[in-house]
Amino acid sequence: MDQTVKLGSLTLANPIITASGTFGYGLEFMRYGDLSKLGGLCLKGISLAPRTGNPMPRIAETPCGMLNAIGLQNVGVEKFLTEKLPYIPADATLIANLYAQTPEDFGELAAIFAHEDKIAALEVNISCPNVREGGVQFGQDPHMAAGVVSAVKKRAGAKPVIVKLSPNVTDVRVIARAAVDAGADMLSLINTISGMAVDIRTRKSRLANVVGGLSGPAIKPVALRMVHQVVQAVNVPVIGMGGIVSAEDVLEFILVGAHAVQVGTYNFMRPDNAFRLVDEVQTLAESLGIGSWDEYRGTLKV
């Protein structure tokens, strides 16, 4: 089976992408597999200036998942371009994840990456739930979301623009349509669900930030439902994510209409997981008689 996936002008060798914030800059995982084997690698969120992130503790384990409140710690775009990007293998398909606090700064980041040949696409993070400015605020208001997308599209050059949506909304389809109307080439969802955890003995929050983002298998049913809804509401490719740990999970998202998937939290449990999934998905698809993704995608019987 040919696993190639076409997402508009972006072509992936297979539908497996590593989710931003769970795979570093890729360099940390090179000992576990060949980065070029992956369909894509969505880089850790990058901002114009370096960010130290939120205070510790900022990760807490939960049943079937985890809470994180990292706060988008990163080295900033300048150090990324000089100290990280040159060492990532040239044959890896890289997606830069952009974070900013204003539409203008989002546009500035897009303009910087527009000239980087090693970057295949841009993912716009309007859905991070654990930063005090920007983040999920943009992803909860259709007008603000459209403003960010428009600012990025104007300066992204030929780079495809992916908009990452938040589940922390009343109707995700409203934000999805606003992003597409503003020029988004594709959408990715879902980001983490806002949650918290407390300690009854110390009477303190398990996260210094109090609120964090819930990810892992616990959120997969919510993610599947939202991906299914968004696929019906827009006419651009959708990348699904949320609790994917197995080849079966991958096929579930494609069945409800996703073109590709992002694998996140499970990378912490098994650093080689994404690399294994590439082979396991192909084996499972062939065992089910699936000849191509185009013939299988979105064929859920309702």
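Up top you'll find the structure we're talking about.
Quick caveat, the model's predicted, so the values are computed rather than measured.

(A) Summary view of helix H6 (residues 220–233). Here H6 is 14 residues long and its end C-alpha atoms lie 20 Å apart, about the 20 Å a rise of 1.5 Å per residue gives. The inward-facing, buried residues of H6 abut helix H5 (172–181), strand S10 (186–189), strand S15 (238–241) and helix H7 (247–255).

(B) Expanded view of the packing of aromatic side chains. Tallied over the full model, the rule gives 6 aromatic pairs. Aromatic pair phenylalanine 23 and phenylalanine 29: ring centres 4.0 Å apart, planes at 15 degrees, arrangement stacked. Judged by its relative accessible area of 0%, phenylalanine 23 is buried. A relative accessible area of 10% places phenylalanine 29 in the buried class. Taking the centre distance of 6.1 Å and the plane angle of 50 degrees together, the rings of phenylalanine 23 and phenylalanine 275 count as tilted. Note that phenylalanine 23 is positioned in the loop between strand S3 (16–18) and strand S4 (40–42) and phenylalanine 275 in helix H9 (residues 273–287), a separation of 252 residues in sequence. What makes phenylalanine 275 buried here is its relative accessible area of 5%. Ring-pair connections join several aromatic residues into one group, and the members of that group are Phe23, Phe29, Tyr32 and Phe275.

(C) Spotlight on the sheet that holds S4. Read around the closed barrel, the 8 strands follow the order S3-S4-S7-S8-S9-S10-S15-S16; overall the barrel is parallel. The average angle at which neighbouring strand axes cross in this sheet is 25 degrees, direction not considered. Here 3 bridges tie S15 to strand S16 (residues 260–263), and the two strands are oriented parallel to one another. The partner of glycine 240 across the bridge, within S16, is valine 261.

(D) Layout of the side chain of arginine 297. In this structure, arginine 297 sits in the segment after helix H10 (293–296). Sequence-distant contacts of arginine 297, defined by excluding residues within four places in its chain, comprise Ile254, Leu255, Gly257, Ala258 and His259.

(E) Looking closely at a nonpolar patch on the surface. On the surface, Met196, Val198, Val210 and Val211 cluster together into a nonpolar patch covering about 320 Å² of accessible area. When you line up the elements, valine 210 lands in the loop between strand S13 (204–205) and strand S14 (212–215).

(F) Representation of the environment of arginine 276. As for its placement among the helices and strands, arginine 276 is situated in helix H9. Between the C-alpha atom of arginine 276 and that of tyrosine 32, which follows or precedes it by 244 residues, the distance is 9.9 Å. Aside from chain neighbours lying at most four places away, what touches arginine 276 is Tyr266 and Arg270.

Reading the values: the criteria
- Residues numbered from 1 in each chain as written.
- Predicted model: local features only at pLDDT ≥ 70, side-chain atom pairs only at ≥ 80, totals over all residues.
- Heavy atoms only, no water.
- Helix = DSSP H or I, 4+ residues; strand = E, 2+ residues; numbered from the N terminus.
- Expected span 1.5 Å × (residues − 1).
- Contact = heavy atoms within 4.5 Å.
- Phe/Tyr/Trp six-rings, centres within 6.5 Å; stacked < 30°, edge-to-face > 60°.
- Buried < 20%, exposed > 50% of the residue type's maximum accessible area, 1.4 Å probe, protein only.
- Pairing = 2+ DSSP bridges.
- Axes fitted to C-alpha atoms, helices over the stretch in contact; angles between N-to-C directions.
- Patch = residues over 30% accessible without salt bridge, like charges linked within 9 Å, V, L, I, M, F, W, Y side chains within 5 Å.
- Areas by Shrake-Rupley, 256 points an atom, 1.4 Å probe, with all protein chains shown as cover.
- Salt bridge = Lys/Arg side-chain N within 4 Å of Asp/Glu carboxyl O.

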